Amino acid sequence: MPLTRIFLGLGSNVDRHRHLCSGLDALAGFLTDMSCSPVFESHPVGIKSGPFINLVVSALTDLPLIELDRRLKFIEADNGRYAPDRKGLPLDIDVLLYGEQVGNFDGLVLPRAEILKNAFVLWPLSLIAPERLHPEVGLMFAKLWEESQIEQQLWPVAFEWQGQPLTPDSMLSSVQ
């Protein structure tokens with residue numbers, strides 16, 4: 001199968017650094033050309049909990065969409081997402097974009113609606129793929145972020161994965 005460019009949204013509000021790193025490690029095991037956006041912290045949306053940290057991952061995959069989504073569910077499960085006694089959300093991984101696919105694929109709607117609704121998705125996506133066009137709206141993600149009216153506070157946070165900082169110091173110094 002040919003390689004498809006994908007974008008995934010990752011988030012956690014429980015043992016956040018450990019779970020995000022675990023998720024990134026698992027993804028690196030079967031995705032290629034993987035890159036990560038800066039990491040952002042935000043207040044929860046839609047649930048009562050502690051703050052979340054989120055990022056967007058860009059990568060190539062040879063997996064069909066449904067198989068990719070199945071693997072993501074296993075990674076979430078390995079991190080306690082579906083444990084009956086869990087508190088909070090240890091790891092959430094969502095397919096935001098799968099190539100230029102648009103539609104409902106066995107219940108998986110693409111592009112993911114959260115792209116245009118949540119700052120913790122759109123801002124990192126605009127940084128990792130600024131000139132990429134939203135497959136439905138037809139505007140670049142950088143432009144969508146620039147013009148967004150999303151009223152949600154979030155801020156870049158220091159985060160390291162495999163010894164590499166994901167959030168540039170220049171972003172961190174601008175919020176201090």
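In short, a report on the structure. This structure is a prediction, so every number in the text was calculated from the model and none was measured.

1. A closer look at the pairing of strand 1 (residues 4-12)
The buried fraction of strand 1 is high, at eight of nine residues. Here strand 1 runs beside strand 4 (residues 52-61); their pairing, made up of nine bridges, is antiparallel. Each bridged residue has a counterpart across the sheet, and for phenylalanine 7 the counterpart in strand 4 is serine 58. As paired elements, strand 1 and strand 5 (residues 92-98) share six bridges and run antiparallel to each other. Counterpart to leucine 10 in the pairing with strand 5 is isoleucine 93.

2. A short note on the packing of aromatic side chains
Counting across every chain of the model gives two aromatic pairs. Consider the rings of phenylalanine 40 and tryptophan 123, whose centres lie 4.3 Å apart with planes at 40°: the pair is tilted. Residue phenylalanine 40 is found in strand 3 (residues 39-42), and its partner tryptophan 123 is found in helix 4 (residues 119-128); the two are separated by 83 residues along the sequence. Neither residue differs from the other here; phenylalanine 40 and tryptophan 123 are each classed as buried.

3. Some details on the nonpolar core
In a soluble, globular protein the nonpolar side chains are often hidden away together inside. Among the nonpolar cores identified, the biggest contains 30 residues, and Leu8, Leu10, Leu24, Leu55, Leu68, Val95 and Phe159 are the most heavily contacted of them. Mapped onto this core, the elements with two or more residues apiece are strand 1, helix 1 (16-28), strand 4, helix 2 (65-78), strand 5 and strand 7 (108-110). Each residue touching leucine 24, except ones within four places of it in the same chain, is listed here: Leu10, Met34, Cys36, Leu55, Val57, Phe159, Trp161 and Leu166. Grouped together as the second largest cluster of nonpolar side chains are 17 residues, Val56, Ile115, Ala119 and Trp123 included.

Calculation rules
Residues numbered from 1 in each chain as written. Predicted model: local features only at pLDDT ≥ 70, side-chain atom pairs only at ≥ 80, totals over all residues. Heavy atoms only, no water. Buried < 20%, exposed > 50% of the residue type's maximum accessible area, 1.4 Å probe, protein only. Helix = DSSP H or I, 4+ residues; strand = E, 2+ residues; numbered from the N terminus. Pairing = 2+ DSSP bridges. Phe/Tyr/Trp six-rings, centres within 6.5 Å; stacked < 30°, edge-to-face > 60°. Core = buried A, V, L, I, M, F, W, Y, C linked by side-chain atoms within 4.5 Å. Contact = heavy atoms within 4.5 Å.

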